[in-house]
Amino acid sequence: MTLTPAIPSTAGGAPRPVRHVEQVMGMPISVALRGRHAADARAHAAWSAALAVLREADRVFSTYRADSAISRLDRGELALGDCPPEVGEVLALGEAARRDSGGAFDVRRGGRLDPSGVVKGWAADRAAAHLAELPDTDFCLSAGGDLTCRTLNPDDPPWRIGIEDPHDPRRLVAVVPVHTGAVATSGTARRGAHVLDARTGRAPSGIASVTVVGTSLTDVDIDATAAFARGPDAARWLDIRGRTALIVRTDGSTVLLSHAGDG
């Protein structure tokens, strides 16, 4: 994923957010808080609860843990009905994404079960629910660079999300202001060609990154990955879905899609 952490605006003398970061699910998880409960005991409790959600998601869904429910389900040691109910929820999201993407996105690929393309955004949304319980407090939660943000007062400055250039991560191709919403990117900058088109088993051609902006991190994370997997067809597919998005091609050219109501 190729989003930089939130860059908060401090226009008008607004205080800088309080930040925390932990390593969970094999990636950095960070939060920026601003407002009434940004630095008190309630904030620490909400952050701890959010981390607990992510650690539980890792325990259940990690494909790197032999004892996770998803690994045991993949090996046939557990039936779906014997798994935590969250497994069925995630697999249903994956099946919907498979249908919507025409098979380019598939949690069952190469004979293995791997719902990682669903879990990160889904788990971050569940974790953010604890931050959303803080009164009079804005937050921006980043899970490996994909972000979900809330700003209670529309007159307050937005969170400014930098989108890295997949050809040169030292540069930004855009900065997206988000008051309340989610931003997710799928691309090659950080992890190389790790997203494959499930229809062919090969990395898609002609595309370097896809960023999608919307209201739900679960949805935009899935759609960014599915669109990237579709390769040259990414922009057309996202446009049909009514998504606000930025596509960076391998030749450096970009496509911007804007739809009212997203973000």
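A.B. asks: Help me understand the pairing of strand E10 (residues 181–187) in this model?
C.D. replies: Residues in a regular strand point their side chains to alternate faces of the sheet. Burial analysis of E10 places 7 of its 7 residues in the buried class, which makes it a mostly covered element. Residues Gly181, Val183, Thr185 and Gly187 line one face of E10 and the alternating positions Ala182, Ala184 and Ser186 line the opposite face, and both faces are buried. Pairing between strand E7 (residues 146–150) and E10: 3 bridges, direction antiparallel. Bridging from a neighbouring strand, Leu147 pairs with Val183 of E10. Examined bridge by bridge, E10 and strand E11 (residues 207–214) share 6 bridges and lie antiparallel to one another. Paired with Thr185 across the two strands is Thr211, which belongs to E11.

A.B. asks: Could you clarify how one ought to interpret the packing of helix H1 (residues 41–61) against helix H4 (residues 116–131) in this entry?
C.D. replies: Packed helix pairs are characterised by how far apart their axes lie and by the angle those axes make with each other. Two numbers describe how H1 lies on H4: the axes approach to 8 Å, and their chain directions differ by 155°. When the axis of H1 is compared with that of H4, the two are roughly antiparallel. Handedness of the H1/H4 crossing: right-handed. Contacts between H1 and H4 involve Ala46, Trp47, Ala49, Ala50, Val53, Leu54, Ala57 and Phe61 from the former and Val119, Trp122, Ala123, Ala124, Arg126, Ala127, His130 and Leu131 from the latter. Residue classes in the contact of H1 with H4 are distributed as 14 nonpolar, 1 polar and 1 charged.

Cut-off values and rules
Residues numbered from 1 in each chain as written. Predicted model: local features only at pLDDT ≥ 70, side-chain atom pairs only at ≥ 80, totals over all residues. Heavy atoms only, no water. Buried < 20%, exposed > 50% of the residue type's maximum accessible area, 1.4 Å probe, protein only. Helix = DSSP H or I, 4+ residues; strand = E, 2+ residues; numbered from the N terminus. Pairing = 2+ DSSP bridges. Axes fitted to C-alpha atoms, helices over the stretch in contact; angles between N-to-C directions. Parallel < 35°, antiparallel > 145°, perpendicular 65-115°, else oblique. Left-handed = near helix turned anticlockwise from the far one by under 90°. Contact = heavy atoms within 4.5 Å. Nonpolar A, V, L, I, M, F, W, Y, C, P; charged D, E, K, R; others polar.

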